[in-house]
Protein chains: 2
Amino acid sequence: MPQGQPLTVPRDGLTTRARRNAPLLAVHTGAGKGKSTAAFGMALRAWNQGFDIAVFQFVKSAKWKVGEETALRELGRAHTERGVGGPVEWHKMGSGWSWSRKAGTEEDHAAAAAEGWAEIARRLADERHDFYVLDEFTYPLKWGWVDVAEVVDVLASRPGTQHVVITGRDAPAALLDAADLVTEMTKVKHPMDVGRKGQRGIEW
Amino acid sequence: MPQGQPLTVPRDGLTTRARRNAPLLAVHTGAGKGKSTAAFGMALRAWNQGFDIAVFQFVKSAKWKVGEETALRELGRAHTERGVGGPVEWHKMGSGWSWSRKAGTEEDHAAAAAEGWAEIARRLADERHDFYVLDEFTYPLKWGWVDVAEVVDVLASRPGTQHVVITGRDAPAALLDAADLVTEMTKVKHPMDVGRKGQRGIEW
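I will try to describe carefully the structure that is included in this document. (Residues numbered from 1 in each chain as written. Chains lettered and ligands numbered in written order. Predicted model: local features only at pLDDT ≥ 70, side-chain atom pairs only at ≥ 80, totals over all residues. Heavy atoms only, no water.)

1. Things to note about the packing of helix H4 (residues 109-126) of chain B against helix H6 (residues 148-156) of chain B
All names here are of chain B. Running from amino to carboxyl end, H4 crosses H6 at an angle of 20 degrees, the nearest separation of the two axes being 10 Å. Overall, the two elements H4 and H6 adopt an arrangement that is roughly parallel. Viewed along their axes, H4 and H6 form a crossing whose handedness is left-handed. In contact with Trp 117, Ala 121 and Leu 124 of H4, H6 contributes Glu 150, Val 151, Val 154 and Leu 155. Of the residues assigned to the contact of H4 with H6, the class counts are six nonpolar, no polar and one charged. (Axes fitted to C-alpha atoms, helices over the stretch in contact; angles between N-to-C directions. Helix = DSSP H or I, 4+ residues; strand = E, 2+ residues; numbered from the N terminus. Parallel < 35°, antiparallel > 145°, perpendicular 65-115°, else oblique. Left-handed = near helix turned anticlockwise from the far one by under 90°. Contact = heavy atoms within 4.5 Å. Nonpolar A, V, L, I, M, F, W, Y, C, P; charged D, E, K, R; others polar.)

2. Quick notes on the packing of aromatic side chains
Residues and elements named next belong to chain A. Enumeration over the complete set of coordinates arrives at 20 aromatic pairs over all chains. For the ring pair Tyr 139 and Trp 143, a centre distance of 5.7 Å and an interplane angle of 35 degrees mean the geometry is tilted. By relative accessible area, which is 10% here, Tyr 139 ends up buried. Relative accessible area serves as the criterion here: at 43%, Trp 143 is assigned to the partly exposed category. (Phe/Tyr/Trp six-rings, centres within 6.5 Å; stacked < 30°, edge-to-face > 60°. Buried < 20%, exposed > 50% of the residue type's maximum accessible area, 1.4 Å probe, protein only.)

3. Quick notes on the packing of helix H2 (residues 35-48) of chain B against helix H3 (residues 66-82) of chain B
Residues and elements named next belong to chain B. Their axes nearest at 11 Å, the elements H2 and H3 cross at an angle of 5 degrees. Put simply, H2 runs roughly parallel to H3. On H3, the residues touching Phe 40, Ala 43, Leu 44 and Trp 47 of H2 are Glu 68, Leu 72, Leu 75, Gly 76, Ala 78 and His 79. For the contact of H2 with H3, a count of residues per class yields seven nonpolar, two polar and one charged.

4. Focus on the side chain of Glu 119 of chain A
In this structure, Glu 119 of chain A sits in helix H4 (residues 109-126). Leaving out residues up to four positions away in the same chain, Glu 119 of chain A has contacts with Trp 99 and Arg 128 of chain A.

5. Describing the sheet that holds strand E1 (residues 25-29) of chain A
Pairing is mixed in the open sheet, where 12 strands are placed in the order E3(A)-E2(A)-E4(A)-E5(A)-E1(A)-E6(A)-E6(B)-E1(B)-E5(B)-E4(B)-E2(B)-E3(B). For this open sheet the edge positions go to strand E3 (88-92) of chain A together with strand E3 (88-92) of chain B, each flanked by a neighbour on one side alone. Taken pair by pair, the neighbouring strands of this sheet meet at an average axis angle of 15 degrees, ignoring direction. Across five bridges, strand E2 (residues 53-57) of chain A lies against strand E4 (residues 131-135) of chain A in parallel orientation. Paired with Ala 54 of chain A across the strands is Tyr 132 of chain A, a residue of E4 of chain A. Where H4 of chain A meets the sheet, its contacts fall on E2, E3, E4 and strand E5 (163-167) of chain A, and the angle it forms with E4 of chain A comes to roughly 165 degrees. Lying over the sheet, H4 of chain B contacts strand E2 (53-57), E3, strand E4 (131-135) and strand E5 (163-167) of chain B, oriented at roughly 165 degrees with respect to E4 of chain B. (Pairing = 2+ DSSP bridges.)

The following block contains the structure:
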């Protein structure tokens, strides 16, 4: 566990306070479980600090992550109604982005992913949120639906102190290079290997 | 990502339904970030299913994980007040367990850890909760404060469908053998390596 003591103090001319507020780009990749789950766990800390949180779910069907969505929306409600924590937005690509008039179809996943990224880039430019989860965003990058170099440029030049967490297998090297924090989740043992099924309250 | 399709169907005489409700023992280990964070992310799913959740934090000072604690307690409050999700209990060893009259001191961490495990074993026998997080529990095991063989026995014979998630580095081999799901979080890159400090909303 990090004990808050860096190994070296960088000669970057920044104060400790400035370094504490530096915007973080984190990537959770690898074939193991916990990539998205840890991103949503991070969102709990961000929420408690009053950060404005936005989740963008790429690729997966609406069936997935209902538990996390319901829980984080409940925390957003607590912010609205009781003034605790921060606000929460949750957008998913599955059946068309919430801000879009276009209904999603099987054929236009590539277009929907590009549209999702364009919206995120606009929000980063506007400093709309404090903490972004781009869930399963590595897949549109891998499949060429969204340009990796453009993503890295936009993230590298984002204004303010916006934190971004990106999840998914096979994160491209350019994204890993740009990231401040990279964790690989490695599968050591999985119940499905021995024939167990996805479980209520565990897988969804 | 698991798509819900097991590689093989085991000849264990169980129905799919029984297998779906099988109690899960998960271990998050490794030197990377996200072990505890992913456990609390799992708790969001469990909460949404109405599971009764209990978190037991071993070792760490009360300063840590305040964000996750506040957020999960808020979800527990939503259950009590609005009837959504499940109830949440959060116990930490730092300044003495909440059920204990003994105040914690620096000297008796070993005794406090043993007391915490004894309480968990009682609750497992009573089927008190549906979803347990034993956060940083590998350390008392590693340091010999709690007996690994006893823990494995109690977990292996726990009644009902109680899910248990254990986090921490250096999980003992016997625990990994007993687990259904093991994920190793591997550090690929960490901001503290380049001298950045722990950050508000990220580290706590």
